[in-house]
Amino acid sequence: MTQHQIIDGKAFAENLRGDIAKRVAALKTAKNIIPGLAVILVGRNPASEVYVKNKAKQTKEVGMNSYEFHMQDTATEAELLAKIDELNKDTNVHGILVQLPLPKHMHETAVINAISPDKDVDGFHVISAGRLATGHTGFVPCTPLGCMMMLRDHFNKASPGAKPLAGLHAVIIGRSNIVGKPMAQLLLKEDCTVTVVHSKTKDIEQLVQMGDIVIAAVGQPELVKHNWLKKGAVVIDVGINRIALPDGKTKLVGDVAFHECFQVASAITPVPGGVGPMTIACLLENTLQSASK
Ligand code: GUN
């Protein structure tokens, strides 16, 4: 009989933050080091302002130092690069995050690659991506790291061991640098068979149906339907989409049609309350790892 389980990312993230707070306190006692995370926001994107506020709040809650820098959207790229350079040299700062998206006149790749790879807690630097792809130690982007922690925990309950996902077929929907590609690398490292499908893939539904694990990360509201899934698949929904309702209100939905897919999946993450809360918790984990080095 197939179980229908909800993977509670909110509870998982709360536990992780509790554990991080203990390790932050231990680091302070043992080495007198307080991990510091610097976040730079350029411009006034309302969604970014909310993300940055939440990041700062949660950083302080686990006992770390939070440094916030707000720049006008008229700031030049040179001014932003100068701030990054200053933070790269600041020994109180162990992690640097430049909130994306940036204003159109700035070059995102150049800005990200100006961050020291030793402080790249977002894991977006080309060196971090290269390290992950070649099996070297480095920062892993926070959203796929959070997905991986939840998957390992879930499968470890069924088959405890170092590689609880070994031999499973994982299908990733989406090929972004931030989620799809690093997710593929992480799943390969766990000895999964990995398929990545995207907007140009033919017969996408048949391919997704092969997945023991399905990761949806495309930003298309409720794209994945119940008949796309193999019975008993484990589904991780990375999408966060705001949709309009007939009564004029809005609601958040994922890339997976939750209610119908819940009936077919053996376990599934909800939206909200699934992957989302894990992303900031993993940012704190990366910052702590950086400070511990
Ligand atoms: N914008 C939305 N999510 C993220 C994130 O995880 N990191 C950064 N730097 N910008 C974002």
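Above this text is the structure in question.
Presented here is an overview of the structure given in this document. (Residues numbered from 1 in each chain as written. Predicted model: local features only at pLDDT ≥ 70, side-chain atom pairs only at ≥ 80, totals over all residues. Heavy atoms only, no water.)

## Overview of the nonpolar core
Test applied: Only buried residues count toward a nonpolar core. Its members are Ala, Val, Leu, Ile, Met, Phe, Trp, Tyr and Cys residues joined through side-chain atoms within 4.5 Å. For every residue, the accessible area (1.4 Å probe, protein chains only) is compared with the maximum for its type, and the residue is labelled buried under 20%, exposed over 50%, or partly exposed between those bounds. Secondary structure counts use DSSP, requiring at least four H or I residues in a row for a helix and at least two E residues in a row for a strand, with both numbered from the N terminus.
If you look at the biggest cluster of nonpolar residues, it comprises 49 residues, and the most contacted ones within it are Leu-151, Leu-165, Leu-187, Ile-213 and Ile-215. When residues in this core are grouped by element, the largest group, eight residues, is from helix 10 (residues 275-292).

## With respect to the packing of helix 6 (residues 142-158) against helix 7 (residues 180-189)
Put simply, the rule is: In this analysis, axes come from line fits to C-alpha atoms, helices being fitted only over the stretch in contact, and the angle between any two N-to-C directions falls in the range 0 to 180 degrees. Handedness of each helix crossing follows the sense of rotation of the near helix against the far helix: counterclockwise by less than a right angle gives left-handed, clockwise gives right-handed. Contacts between residues were defined by any pair of non-hydrogen atoms, one from each residue, lying within 4.5 Å. Lys, Arg, Asp and Glu make up the charged group, whereas Ala, Val, Leu, Ile, Met, Phe, Trp, Tyr, Cys and Pro make up the nonpolar group; the residues left over, Gly among them, are polar.
Contact geometry for helix 6 and helix 7: axes closest at 9 Å, N-to-C directions at 35 degrees. Classified by chirality, the crossing of helix 7 by helix 6 is right-handed. Residues Pro-144, Leu-145, Cys-147, Met-148 and Leu-151 of helix 6 form the contact with helix 7, whose own contacting residues are Pro-182, Met-183, Leu-186 and Leu-187. Residue composition of the contact of helix 6 with helix 7, by class: nine nonpolar, no polar and no charged.

## Focus: the pattern of salt bridges
Put simply, the rule is: Whenever Lys or Arg places a side-chain nitrogen within 4 Å of a carboxyl oxygen from Asp or Glu, that contact is recorded as a salt bridge.
Applying the stated rule across the entire model yields 10 salt bridges. One salt bridge in this structure joins Lys-83 and Glu-86, with 3.1 Å as the shortest N-O distance. With Lys-83 and Glu-86 both in helix 3 (residues 77-89) and three residues apart, the pair spans about one turn of that helix. Residue Glu-86 is classed as partly exposed on the basis of its relative accessible area, which comes to 47%. Between Glu-190 and Arg-152 there is a salt bridge, and its shortest N-O distance comes to 2.8 Å. In this pair, Glu-190 is assigned in the loop between helix 7 and strand 6 (193-197) and Arg-152 in helix 6, connecting sequence segments 38 residues apart. One network of salt bridges, with partners in common, ties together Asp-19, Arg-23 and Glu-285.

## Side note on the side chain of His-125
Inspection of the secondary structure assignment puts His-125 in the loop between helix 4 (108-112) and helix 5 (126-133). Non-local contacts of His-125, meaning those with residues more than four positions away in its chain, are made with Ile-112, Asn-113, Ile-115, Pro-117 and Asp-120.

## Some points on the environment of Glu-190
Where we set the bar: Residues adjacent in sequence count toward polar contacts only when both atoms are side-chain atoms; beyond that, a polar contact is any pair of N or O atoms within 3.5 Å, and within protein one must be able to donate a hydrogen and the other to accept it.
Given the relative accessible area of 9%, Glu-190 is considered buried. Sequence-wise, Glu-190 and Gly-167 are 23 residues apart; in three dimensions their C-alpha atoms are separated by 8.6 Å. Dropping the residues within four chain positions of it, Glu-190 is found in contact with Met-148, Arg-152, Ala-162, Lys-163, Pro-164, Leu-165 and Ala-166. A polar atom in the side chain of Glu-190 sits 2.8 Å from the side chain of Arg-152.

## A word on the site of the ligand
Applicable threshold: Throughout, the term near means that a residue has one or more heavy atoms lying within 4 Å of the molecule or strand in question. All accessible-area figures derive from a Shrake-Rupley calculation using a 1.4 Å probe, and residue coverage is judged against the displayed protein chains alone.
Neighbouring the ligand are the residues Leu-97, Val-98, Gln-99, Leu-100, Asp-122 and Phe-124. Within the side chain of Gln-99, one N or O atom sits 3.1 Å away from a nitrogen atom of the ligand. Take Leu-100: an N or O atom from its main chain is 2.9 Å from a nitrogen atom of the ligand. Protein contacts shield 77% of the accessible area of the ligand, which totals 280 Å² for the unbound molecule.

## Re the sheet that holds strand 1 (residues 5-6)
Put simply, the rule reads: Here, strands pair whenever DSSP counts at least two bridges between them.
With parallel pairing, six strands are arranged side by side in an open sheet as 1-11-8-7-5-6. Here the strands that pair on one side only, and so sit at the sheet edges, are strand 1 and strand 6. Direction of pairing for strand 8 (residues 234-237) relative to strand 11 (residues 267-268): parallel, over a ladder of two bridges. Its bridge partner being in strand 11, Val-234 is matched across the sheet by Ala-267. In the packing of helix 6 onto the sheet, the strands contacted are strand 1, strand 7 (213-216), strand 8 and strand 11, and the crossing angle to strand 8 comes to about 160 degrees.

## Observations concerning the packing of helix 1 (residues 9-31) against helix 10
Note the threshold: Angle categories: roughly parallel below 35 degrees, roughly antiparallel above 145, roughly perpendicular from 65 to 115, and oblique for all the rest.
At a minimum axis separation of 9 Å, helix 1 and helix 10 run at an interaxial angle of 20 degrees. By the angle between their axes, helix 1 is roughly parallel relative to helix 10. For the element pair helix 1 and helix 10, the recorded crossing hand is left-handed. For the pair helix 1 and helix 10, the contacting residues are Gly-9, Lys-10, Phe-12, Ala-13, Leu-16, Arg-17, Ile-20, Arg-23, Val-24 and Leu-27 in the first and Pro-277, Met-278, Ala-281, Cys-282, Leu-284, Glu-285, Leu-288, Gln-289, Ala-291 and Ser-292 in the second. Here the contact of helix 1 with helix 10 is composed, by residue class, of 13 nonpolar, three polar and four charged.

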